[in-house]
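# Architecture and fold: a report
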Amino acid sequence: MTTFLPIPKFLSSGEVHPAMTAAEAINEANRCLYCADAACVQACPTHIDIPEFIHKISTENTTGAATTILEENFLGATCARVCPVAELCQGACVMNKMAEKPIEIGRLQRFATDHLIEQGIKPFQAGPKTGKKVLVVGSGPAGLSAAAELAKTGHEVTVWERRELAGGLSTYGIITLREPVEIAQREVDMVRELGVQIETNTALKDGEQLRDVAKHYDAVFLALGLGAVPALNIPGAEHIMDGLRYIADVKTASPQAPEFHNVVVIGAGNTAIDAATTARTQGAQATIAYRRTAAEMTAFEDEYLFAAQAGINFVFLASPAEVITTNGQVSGLRCTRMTLGPADAEGRRQAIPADEADLILPCDAVIAAIGQEKFDAETGFGLPLNAGYMDVTKELAVIATELDNVFAGGDATRITGDASTVMAVQDGKIAARSISAFLDKERDNG
Ligand code: SF4
């Protein structure tokens, strides 16, 4: 008989991190040293003026604090919840060097931005009309960030979103424990309130359509993200679920959301942990199978510790070899036992088959979270690609083609470095500035 682990309470009650009370926020803000040339600001990819917003919290100017945050990062409420702060701002806080705990920047940011959301305050307005029209394709963090900046500058902005709801990964890919759908949707509303037209269930089909819209709009920003989880080439692979799809179905309470009792998740990144956590919140047992060891996992350390607390099992040095079915239903995953060999060109030790018997992991579902499909000649809209990513000039987010008014940013362009919400927000901001500079030049030449 299967023994089920109880679901920890924190997996069944709202957001995993509690909100700060006003008194807690002011106390925490008063610990900040308000450093000049602050290390936390340097470590924030969007360069929020952190000492400034924390000082405003300490003086009970919470709306001002939120405005300071959103000036640099329009998705401040999302980033307050999903940023790996231990690796970024909080990790850089000088308090770490003083044998003190760092300032809780992420929770303070959430306190300020939630205040704005709860009070329905609109800190920004659309700029004076420039008469220029911009199409943004994709409404994830890069697309929304760009759309907000472009609208603040006065351009007329339309966003196309292929799914039913806007917000991209914030809406569909981040588990509710970290960010409820309502927060993502409120940020979408804030972009709409700047006059941005968001058209859902509307996708860019192909390169021909891209060339067509590039003629009708003064500029086009592609914030397309990446594709589905790539297929695994093993027997029974047709029974494997896409981890992002699974998280999305459960998060949006889709009628298609499956119910499992015992899942095995293949992967070692944050999405693998999120898929396993989602299964745990649904009452299932969850095991993560990874062909290397904990030391080579790409998930943030905090996420790994979180997963361990959530009762997720880890099986290391196990590479998927076959999905086993019984009467057409998944009943297990056969894994080849691995060992670690020499490091590859990126310094990561390679997994090589060990001389050991295969391992069978009993389960009723196998979920894959092993990255996302990149672009190829067929899916890349006829644009120049570099290693499957859209090839943009680094600072300007411009794609070097004959379509000089087409720009791109976000995960679709992230050839190096980790894809993350905050990096996508910054990409959108940079692209919006590049687009505005391009449109200014057009006007001066025109
Ligand atoms: Fe405050 Fe730490 Fe930033 Fe200094 S580094 S301004 S103490 S949060």
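Cut-offs applied
Residues numbered from 1 in each chain as written. Predicted model: local features only at pLDDT ≥ 70, side-chain atom pairs only at ≥ 80, totals over all residues. Heavy atoms only, no water. Pairing = 2+ DSSP bridges. Helix = DSSP H or I, 4+ residues; strand = E, 2+ residues; numbered from the N terminus. Domains from an automatic or database assignment. Axes fitted to C-alpha atoms, helices over the stretch in contact; angles between N-to-C directions. Parallel < 35°, antiparallel > 145°, perpendicular 65-115°, else oblique. Left-handed = near helix turned anticlockwise from the far one by under 90°. Contact = heavy atoms within 4.5 Å. 1 Å grid on protein atoms, 1.4 Å probe; cavity = no way out; pocket = protein on both sides within 12 Å on 5 of 7 lines; lining within 4 Å. Points joined across faces, edges and corners; volume = space filled by probe spheres on them. Salt bridge = Lys/Arg side-chain N within 4 Å of Asp/Glu carboxyl O. Buried < 20%, exposed > 50% of the residue type's maximum accessible area, 1.4 Å probe, protein only.

## Digging into the sheet that holds strand β7 (residues 285–289)
Taken in spatial order, the five strands line up as β5-β13-β6-β7-β8 in an open sheet, and their pairing is parallel. The open sheet has two edge strands, β5 (241–242) and β8 (313–315), and neither has a second partner.

## Some remarks on the domain arrangement of the protein chain
Put simply, an interface is often sized by how much accessible area is lost when its parts join up. Assigned domains within the protein chain: domain 1 (17–119), domain 2 (133–227 + 373–445) and domain 3 (237–368). Each of domain 1 and domain 3 has a C-alpha centre, and these two points are 34 Å apart.

## Things to note about the packing of helix α12 (residues 243–251) against helix α13 (residues 270–281)
Following both chains from N to C, one finds α12 and α13 inclined at 40°, their axes separated by 9 Å at the closest point. The angle between the axes of α12 and α13 places the two elements in the oblique class. Considering how the two elements wind past one another, α12 and α13 form a crossing that is left-handed. Residues Leu 244, Tyr 246, Ile 247 and Val 250 of α12 pack against Thr 271, Asp 274, Ala 275, Thr 278 and Ala 279 of α13.

## Some details on empty space enclosed by the protein
For the structure on display, the rule yields three cavities of 30 Å³ or more. When its volume is computed, the largest cavity comes out at roughly 130 Å³. Along the walls of the largest cavity sit 15 residues, with Cys 44, Ile 48, Cys 83, Cys 89 and Gln 109 positioned nearest its centre. Among the elements that line the lining of the largest cavity, the one with the most residues is helix α7 (residues 105–119), at three residues. In this structure, the second largest cavity spans a volume of roughly 110 Å³.

## Structural notes on the pattern of salt bridges
Applying the stated criterion across every chain, the model contains 16 salt bridges. With a closest N to O distance of 3.3 Å, Arg 107 and Glu 104 form a salt bridge. Look at Glu 104 and you get partly exposed, because its relative accessible area is 21%. Linking Arg 186 and Glu 193 is a salt bridge whose minimum nitrogen-to-oxygen distance equals 3.2 Å. One network of salt bridges, with partners in common, ties together Glu 28, Arg 31 and Glu 100.

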